Amino acid sequence: ELGCAEGNFTGKLTAGGFAVDGVDISQKAIGRAKNLHLDKTSFYAAPVTDFVKNNDLKKYGLILMMETLYYMNDGDKDALMQALFQKMGERAFLAVSLPIDSHDPFFFSREHLLGFMEKHGFVIAGSWVVSIKGFANIPMYKNIIPMAVRGKYLAAVGKISKRNINQNLFVFKK
């Protein structure tokens, strides 16, 4: 999980039985994540691009970037995508989530993200709109983003609600 912050989503994944490596640039956030004492989880304090360039990514079936990409400057985004494309396994998936807000220049619109990813060689494998009632209150690994990497699919379900956090979830492959 690239940009794992304090490991909240990481904890949901490990509770679902997945082994997860979490990476974040913030040493403070990684320290808090390590204090969660999650099974089958390793955390690394590093810029995500450095982690990608310096590690073997072929062991991962799924690479997550949940609420990460729009925090990076354009040069770092390009460097990260180039490194991911080179280092990811041929059968791996890259999942990217973004808020639904195409009018805010801080976020990517759907069209902008798809064009950006295509520029770096990625093709869309699927996209979904998910609606989350509050990150800490829902077991996302069961209800919103069930994953079965072993079965080579990722699905998302949810209904849009103005009271919820509405997200776009994109899954890409090489």
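Per chain, the residues get numbers from 1 upward, laid out in the order the sequence is written. Residues qualify for local features only when their pLDDT is at least 70, as the model is predicted, and side-chain atom pairs are given and counted only at 80 or more; totals for whole chains, interfaces and linings, by contrast, use all residues. Computation of side-chain values covers all heavy atoms of the structure but excludes hydrogens and water.

**Student:** Talk me through the pattern of salt bridges; I want residue IDs and the actual numbers.
**Tutor:** For side chains of opposite charge, pairing can occur when their charged atoms come near one another. The salt bridge criterion pairs a side-chain nitrogen of Lys or Arg with a carboxyl oxygen of Asp or Glu, the two atoms within 4 Å. By the definition in use, this model includes five salt bridges. In this structure, the salt-bridge partner of E6 is R32, at a minimum N-O distance of 2.8 Å. On the criterion of sequence distance, the pair formed by E6 in the segment before α1 (8–15) and R32 in helix α2 (residues 27–34) is long-range, its members being 26 residues apart. Between D21 and K59 there is a salt bridge whose closest N-O contact spans 3.7 Å. Pair noted here: D21 is in strand β1 (residues 20–24) and K59 is in the loop between α3 (48–54) and β3 (62–66), with a separation of 38 residues, a long-range link. Here a strand is any run of E in DSSP of at least two residues, a helix any run of H or I of at least four, and the numbering for each starts at the N terminus.

**Student:** So what's going on with the nonpolar core? Which residues, and what values?
**Tutor:** Working definition of a nonpolar core: buried Ala, Val, Leu, Ile, Met, Phe, Trp, Tyr and Cys residues. They are joined through side-chain atoms within 4.5 Å. Accessible area is worked out with a 1.4 Å probe on protein chains only. A residue is then buried under 20% of its type maximum, exposed over 50%, and partly exposed in between. Formed by 28 residues in total, the largest nonpolar core has its most connected members in L2, M65, L80, M81, L84, L94 and L113. Counting only elements with at least two residues in this core, the list comes to α3, β3, α4 (74–87), β4 (93–99), α5 (110–119) and β8 (165–173). If you tally residues by element for this core, the top one is α4, at four residues. Residues in contact with M65, not counting those within four places in the same chain, are L2, L80, M81, L84, L94, A95, V96 and S97. Residues F9, F18, V20 and L64 belong to the second largest nonpolar core, which totals ten residues. Contact definition: two residues touch when any of their heavy atoms are within 4.5 Å.

**Student:** Let's hear about the packing of aromatic side chains: which residues, and what values?
**Tutor:** Each Phe, Tyr or Trp ring, with Trp reduced to its six-membered ring, pairs with another whose centre is within 6.5 Å; inter-plane angles below 30 degrees give stacked pairs, above 60 give edge-to-face pairs, and intermediate values give tilted ones. Counting across every chain of the model gives four aromatic pairs. Look at F85 and F122: their rings are 5.4 Å apart centre to centre, the planes differ by 85 degrees, and that puts the pair in the edge-to-face class. Linking F85 in helix α4 with F122 in the loop between α5 and β5 (123–132), this pair joins segments that are 37 residues apart in sequence. The class of F85 is partly exposed, set by a relative accessible area of 28%.

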